[in-house]
Amino acid sequence: ADKNMEQLYDIFKSFVDPIFIIFILLLISFLICLISSKKKGGALFLFLTIVLLYGFSIQAMSNYLNYKLEKDYIASHPVDDKMALDVIVVLGGGNYDIHALNKTFPGDATTVRLAHAVQMYKEYNAKYLVCSGKGDGKISNAELMAKMAQDFGVPKERIRIEAKSTNTYEHAVEFNKMFVDKDIKIGLVTSAYHMKRSETEFRKFFSNVLPLPSDYLYASPAGTAAVRYIPQSQWLFNNTLVFKEYIGMFWYSIKDI
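My aim in this report is to walk through the structure given alongside it, one point at a time. (Residues numbered from 1 in each chain as written. Predicted model: local features only at pLDDT ≥ 70, side-chain atom pairs only at ≥ 80, totals over all residues. Heavy atoms only, no water.)

**Some remarks on the side chain of N141**
Turning to step 1, where the next piece is worked out: The residue N141 is located in helix α6 (residues 141-151) in this model.
Turning to step 2, where the next piece is worked out: A polar contact of 3.4 Å, which involves the side chain of N141, links it to the side chain of T110.
Turning to step 3, where the next piece is worked out: Excluding residues that lie within four positions of it along the chain, N141 makes contacts with G92, G93, G94, N95, T110, G133, K134 and G135. (Helix = DSSP H or I, 4+ residues; strand = E, 2+ residues; numbered from the N terminus. Polar contact = N/O pair within 3.5 Å; in protein donor to acceptor, adjacent residues only side chain to side chain. Contact = heavy atoms within 4.5 Å.)

In structure tokens form, the structure reads like this:
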């Protein structure tokens, strides 16, 4: 009984999501348009809009699209005790200022990537941890990550800061300037959905690049099954990241032609 109540709570809680409310309003508009209008063209357009909104706002579709993008990195990478990497490089995922507090904060992606990078730095016995990225705050992504890395126990002398790069291409270019030896073994840390494009750029300069993805968008289905088919903002946001990444991959592919 308690489990059923929890599932009902999950379902009712999902009803207050703005995307679900918009979906319901559009659906009502469609029914009114269908009943009252002699011209069915407007109703058809509205119906297609509803279908697209619904499809891109449910967990089932989001998980499918996420898996298609991240599938190359959904595999276990057991750490070999004898294996060592020369450098772990972590790419910044955004930062922001709050002027009233006079502080710069790391974005969620930056925080998760850095935590994973520190773990990989320790597991692979790397010599250096490179924090990369400028960001939009007064304090760079790289500097914020370097401070967090020290708090997590990485010695300051083992941390290198690259605070110039503003995009994936520049991450690789600036990192390339830091190391003369192009045969070093690199562990590359970024979000799983962003890994394919990042790995491609880094491999233009270095031959030994091991992808170490963090914060996957894909997740094995869990929780109340019915909620997976109720439109939610979270899944629409995830799909927005996926579409932006595909655009980025396409743009990078044509700019090199």
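**Concerning the sheet that holds strand β4 (residues 128-132)**
Turning to step 1, where the next piece is worked out: On the basis of which strands lie adjacent, the open sheet formed by 5 strands has the order β5-β4-β1-β6-β7 and parallel pairing. Both outer strands of the open sheet, β5 (159-162) and β7 (209-211), are each paired with one neighbouring strand and no more. Here the strands of the sheet are splayed against their neighbours by 25 degrees on average, with no regard to which way each runs.
Turning to step 2, where the next piece is worked out: In the sheet, strand β1 (residues 87-91) pairs with strand β6 (residues 186-189) via 4 bridges, with the strands oriented parallel. Within β6, the position partnered with V87 by the bridge is I186.
Turning to step 3, where the next piece is worked out: Helix α5 (residues 108-123) contacts β1, β4 and β6 of the sheet and is inclined by roughly 175 degrees relative to β1.
Turning to step 4, where the next piece is worked out: Taken strand by strand, helix α8 (residues 192-202) contacts β1, β6 and β7, and its axis lies near 145 degrees from that of β6. (Pairing = 2+ DSSP bridges. Axes fitted to C-alpha atoms, helices over the stretch in contact; angles between N-to-C directions.)

**A look at the pattern of salt bridges**
Turning to step 1, where the next piece is worked out: This model, assessed by the stated rule, comprises 7 salt bridges.
Turning to step 2, where the next piece is worked out: Between D72 and K196 there is a salt bridge whose closest N-O contact spans 3.2 Å. Of the two residues, D72 is situated in the loop between α4 (59-70) and β1 and K196 in helix α8; the sequence distance between them amounts to 124 residues.
Turning to step 3, where the next piece is worked out: For K147, the salt bridge is made with D151, and the minimal N-O distance between the two is 3.0 Å. (Salt bridge = Lys/Arg side-chain N within 4 Å of Asp/Glu carboxyl O.)

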